[in-house]
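Geometric and topological summary
The chain contents come next:
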Amino acid sequence: MASAPVFAAAPSPEALAKKAGVAWPAVIAHRGASYDAPESTRPAYIAARDLGADYLEMDLQRTRDGQLVAFHDDTLLRTTDVATRFPDRRDKPISAFTLAELRELDAGSWFNTAYPDRARPAFQGAKVLTLDEIIDIADADPENRTGLYIETKVPSLYPGIEADLKAKLISRGWLTPSGEVAAGHHVVLQTFEKASLELLAKEMPKVPKVLLLWVGEGSIEPESKVAFADSGIKDKAAYYASQRPASKEAFASWVDFAKAQGAVGTGPSAALTKGGDQSYMDLVQPWMNKLTHAKGLLVHVYTVDDPVDFDKVKKAGVDGIFTNRTAELLKFDGRPSKRSVQAILDDEGY
């Protein structure tokens, strides 16, 4: 009788991460320590760095005069005083403003209003940061340099931003002239957009990349085409949680695309136990993570803040977590910070 074929076992996720030069398990500070300080601002990134996050995560956009800055939303309304400073451009994207104009904005006071229990007077007047300034924060301790986890945000608004990013990372010594991650540095690039992933792969084939996952138009084909407005569901988080890929094949096709472009992982969303405005589709079900691992890719889930959900997604098999609560995730992972967020912010003058 012929013997059964012998197949090599898939590498462990830890081995995959080591080969890719990616932290495992990864603590990814989502817009910095954004539970504790205004997102994407200096205090948020300094707190995340000093707590011990593996990566400072950011959304990269480009100003009218070509400067790369970290900002999440399509407009400035939610987290700045743009409506007061530039009322005629209140709904415009970052690309409608020069860096000097962005410097006039207060990107911190909104946080004090939204979260009075975490408010600090010194957050008032916090500025929109350039990529250079975040690199400066990450570079502060060369012996223990924090990594960068960079998303090309609405890249269709910024043709060529992938090439701009490469040039910046090379000029700052984070990539070698040949495009490899420099020794002592850690970089992951991320995007929701297939076209941008292709361009990142073309510009920086040797840099770890992650394809972010979503269910809906322009992303994974949904089981239901009913929009939120027509669904009869009042809570948006509940609507998102109800959304599922049309099939296993629809999910797998995005994983396959990521693999084909040389990505090292995917970045799926999670449905959170308590709901909330960062609770989305459950794309970290065990079968999804097993499928992704079997294809040789890592899984970095967004955005998880509570221990009950840390436990849930870890048991499902994820390899890294985007979190607003860096201190809590580090504690859950068994490597608590020696200093509290409060002490770090106090010491930094906030």
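Report follows, based on the coordinates. (Residues numbered from 1 in each chain as written. Predicted model: local features only at pLDDT ≥ 70, side-chain atom pairs only at ≥ 80, totals over all residues. Heavy atoms only, no water.)

1. As for the nonpolar core
Core analysis: the biggest nonpolar cluster contains 67 residues, and Leu148, Ile150 and Leu169 have the highest contact counts within it. With six residues, the single largest contributor to this core is helix H2 (residues 42–51). Excluding anything up to four places from it in sequence, Leu148 contacts Tyr55, Leu56, Met58, Ile134, Ile135, Ala138, Leu169, Trp174, His186, Val187 and Val188. Core analysis: the second largest hydrophobic core is formed by 36 residues, Ala26, Val210, Val215 and Val264 among them. (Core = buried A, V, L, I, M, F, W, Y, C linked by side-chain atoms within 4.5 Å. Buried < 20%, exposed > 50% of the residue type's maximum accessible area, 1.4 Å probe, protein only. Helix = DSSP H or I, 4+ residues; strand = E, 2+ residues; numbered from the N terminus. Contact = heavy atoms within 4.5 Å.)

2. A short note on helix H7 (residues 161–171)
If you check which residues of H7 are buried, you get Ile161, Glu162, Leu165 and Leu169. The arc that holds the buried residues of H7, viewed along the axis, is 105°, so those residues lie on one side. At the C-terminal side of H7, Gly173 shows a positive phi close to 80°. (Arc of directions from axis to C-beta.)

3. Some remarks on empty space enclosed by the protein
Empty space among the atoms can be located by rolling a probe the size of a water molecule over them. Scanning all chains against the criterion turns up one cavity of 30 Å³ or more. Forming the boundary of the largest cavity are Glu39, Ser40, Thr41, Ala70, Phe71, His72, Thr79, Ala107, Lys127 and Val128. Grouping the amino acids of the lining of the largest cavity by side-chain chemistry returns four nonpolar, four polar and two charged. (1 Å grid on protein atoms, 1.4 Å probe; cavity = no way out; pocket = protein on both sides within 12 Å on 5 of 7 lines; lining within 4 Å. Points joined across faces, edges and corners; volume = space filled by probe spheres on them. Nonpolar A, V, L, I, M, F, W, Y, C, P; charged D, E, K, R; others polar.)

4. A few points about the pattern of salt bridges
For the coordinates displayed, the defined rule picks out 26 salt bridges. Linking Arg145 and Asp139 is a salt bridge whose minimum nitrogen-to-oxygen distance equals 2.6 Å. Like Asp139, Arg145 is buried. Among the ionic contacts, a cluster of salt bridges with common partners joins Asp132, Asp136, Asp139, Arg145, Lys168 and Arg172. (Salt bridge = Lys/Arg side-chain N within 4 Å of Asp/Glu carboxyl O.)

5. Observations concerning the layout of surface pockets
Put simply, the largest pocket is a space of about 910 Å³. Along its surface, the largest pocket is lined by 36 residues, and His30, Arg31, Asp277, Gln278 and Asn324 are the ones closest to its centre. Among the secondary structure elements, those contributing two or more residues to the lining of the largest pocket are strand E2 (55–62) and helix H5 (109–114). In terms of residue count, the dominant contributor to the lining of the largest pocket is H5 (three residues). Considering only residue class, the lining of the largest pocket consists of twelve nonpolar, nine polar and 15 charged.

By themselves, these are just geometric observations and shouldn't be taken as functional.
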